[in-house]
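# Structural overview
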Amino acid sequence: MKKNTVAQSLFALFFVVIMAGCASAPVSIADCGPVAVIAVNGNPALPWELDESDDESTDDGNGVLTTMVNKLVDGSNPELTTGKDRLDYALNSLKAGLLDIAGVEVIDTEAVLAAENYQSIRESVFNMLDTKISAAELKTISSIGAKHARMLMSELNAKTLLLLDFEFRKTCIKGNKWNGNIAPMLTMKVHMINSRGKEVVNRTFMLKSSKYVSVSGRKYDKSALVGLYPELIDNAISQFIVSYIQ
C-alpha cells in the first residue's frame, strides 16, 4: 500500500515536471531578432465605428462595392486616398520602434520582397472579397504555414516573422455625427512566428485617440482627422513592443 502511494507521488511529480516543460516561455522581443515583417495590412477608408443602435452604421464602409462607389463619388476625399499612406507609415513605425525601443534588428523590406519563399506565398482568394490593402509592396496575408515560415526565415536569416493587421475607424466622442467631436480609433492584430514556425503571439490592441476634430452640420476637416492617425499608430506599436520587453 505504501509502495503504491510512493509510486503515485512520483508519477504526479513527473507529470508536473513534464507539463512545466511544455508550458510556453514568455516572449522577449529582445531575443527575437533579426525580425522580418512580412505583412502590414489594413482597410483603405475610415468608416464610422460600428454601432448597432445607429442605422447608418449597418454599412461599415469596408465593402468592395462601397469603396468603389465612394472613390467614384468623392475621389479627392483624404479619408479614401490616404489608406496606403497609413499602412506605409505603420510599417516604418514598426521597424523604427523595434530598433529604437527594443534594439531589435529588422530585415530590409526589399530583401523580404526579393525572397523566393516570400514570392511563392499565395494570397487567399478571400482577399478578393474585401478591400484590404498592404504597406509597400507586401502581400496581403494574415497567416503563413509553419513549414513555409521556416523556409522563409532560413532564406532571410531571420529568427522571427511579424504580421500586422489594422482596422482604422473614426468614432464620435461627443454629441453626434451631425454636431460634435470625432476622433480616430484603430484595432491592431499582431501575429509573431518563431524560428520553429510556431505562432507565439496572437494579440489584439485597440486604441482610441484623445485628440479630435469638431463636426458642425456633419461637416468637418477630413485632412485634420487623417492627420491624427500617425500618432495613434505610433502608440499602438509602442504598446505592442513594450508589452514584450522582459
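Preceding block: the structure.
Attention in this report is confined to the structure presented alongside it.

Criteria and cut-off values
- Residues numbered from 1 in each chain as written.
- Predicted model: local features only at pLDDT ≥ 70, side-chain atom pairs only at ≥ 80, totals over all residues.
- Heavy atoms only, no water.
- Helix = DSSP H or I, 4+ residues; strand = E, 2+ residues; numbered from the N terminus.
- Buried < 20%, exposed > 50% of the residue type's maximum accessible area, 1.4 Å probe, protein only.
- Contact = heavy atoms within 4.5 Å.
- Areas by Shrake-Rupley, 256 points an atom, 1.4 Å probe, with all protein chains shown as cover.
- Pairing = 2+ DSSP bridges.
- Core = buried A, V, L, I, M, F, W, Y, C linked by side-chain atoms within 4.5 Å.
- Salt bridge = Lys/Arg side-chain N within 4 Å of Asp/Glu carboxyl O.
- Phe/Tyr/Trp six-rings, centres within 6.5 Å; stacked < 30°, edge-to-face > 60°.

Turning our eyes to something else, we now look at the overall build of the protein. For the protein, the helix and strand inventory stands at nine helices and six strands. The 246 residues of the protein split such that 43% are buried. Long-range contacts, defined here as pairs at least 24 residues apart, represent 74% of the contacts in the protein between residues at least 6 apart. Carbon and sulfur atoms form 55% of the exposed surface of the protein, whose accessible area is close to 13,700 Å².

Our focus in this paragraph is the environment of G97. Relative to the helices and strands, G97 is located in helix α4 (residues 83–102). Considering only alpha carbons, one finds G97 and I241, 144 residues apart in sequence, at a separation of 7.4 Å. Those residues in contact with G97 that lie beyond four places of it in its chain are A102 and I241.

Attention shifts here to the pairing of strand β5 (residues 199–208). In the sheet, strand β4 (residues 179–193) pairs with β5 via nine bridges, with the strands oriented antiparallel. Note that in β5 the partner of K189 across the bridge is T204. Counting the residues between successive antiparallel strands, the hairpin from β4 to β5 contains five residues, one of them, G197, with a positive phi of roughly 85 degrees.

Our next topic: the nonpolar core. Core analysis: the biggest nonpolar cluster contains 62 residues, and I38, L98, L161, L162, F166, M188 and F240 have the highest contact counts within it. A per-element tally of this core places helix α9 (residues 229–243) first, with seven residues. With sequence-adjacent residues up to four places away left out, F240 is seen in contact with I29, L94, L162, M188, V190, M192 and F205.

A word on the pattern of salt bridges. Applying the stated rule across the entire model yields four salt bridges. The partner of K132 in a salt bridge is D165, with the nearest N and O atoms 2.9 Å apart. Of the two residues, K132 sits in the loop between α6 (116–119) and β2 (133–134) while D165 sits in strand β3 (residues 160–175), which places them 33 residues apart along the sequence. Since its relative accessible area comes to 28%, K132 is described here as partly exposed. The buried category is assigned to D165, whose relative accessible area is 18%. Two residues, E231 and K211, come together in a salt bridge whose shortest N-O distance is 2.8 Å. Pair noted here: E231 is in helix α9 and K211 is in the loop between β5 and β6 (213–216), with a separation of 20 residues, a long-range link.

With that settled, consider unusual backbone geometry. The residue after G33, namely P34, is reached through a cis peptide bond having omega -5 degrees. With respect to the helices and strands, P34 occurs in the loop between α1 (2–22) and β1 (35–42). Not every positive phi belongs to a glycine, and A136 is a case in point at roughly 50 degrees. Given a relative accessible area of 24%, A136 falls into the partly exposed group. One non-glycine residue, R218, lies in positive phi territory at about 70 degrees. Following the sequence through the fold, R218 ends up in the loop between β6 and α8 (222–226).

Quick look at the packing of aromatic side chains now. Using the criterion set out here, one finds four aromatic pairs in the structure. For the pair F168 and Y229, a centre-to-centre distance of 6.1 Å together with 85 degrees between the ring planes defines the contact as edge-to-face. Note that F168 is positioned in strand β3 and Y229 in helix α9, a separation of 61 residues in sequence. Like F168, the residue Y229 is buried in the burial classification. A ring pair is formed by F205 and F240, whose centres lie 6.2 Å apart and whose planes are at 70 degrees; its orientation type is edge-to-face.

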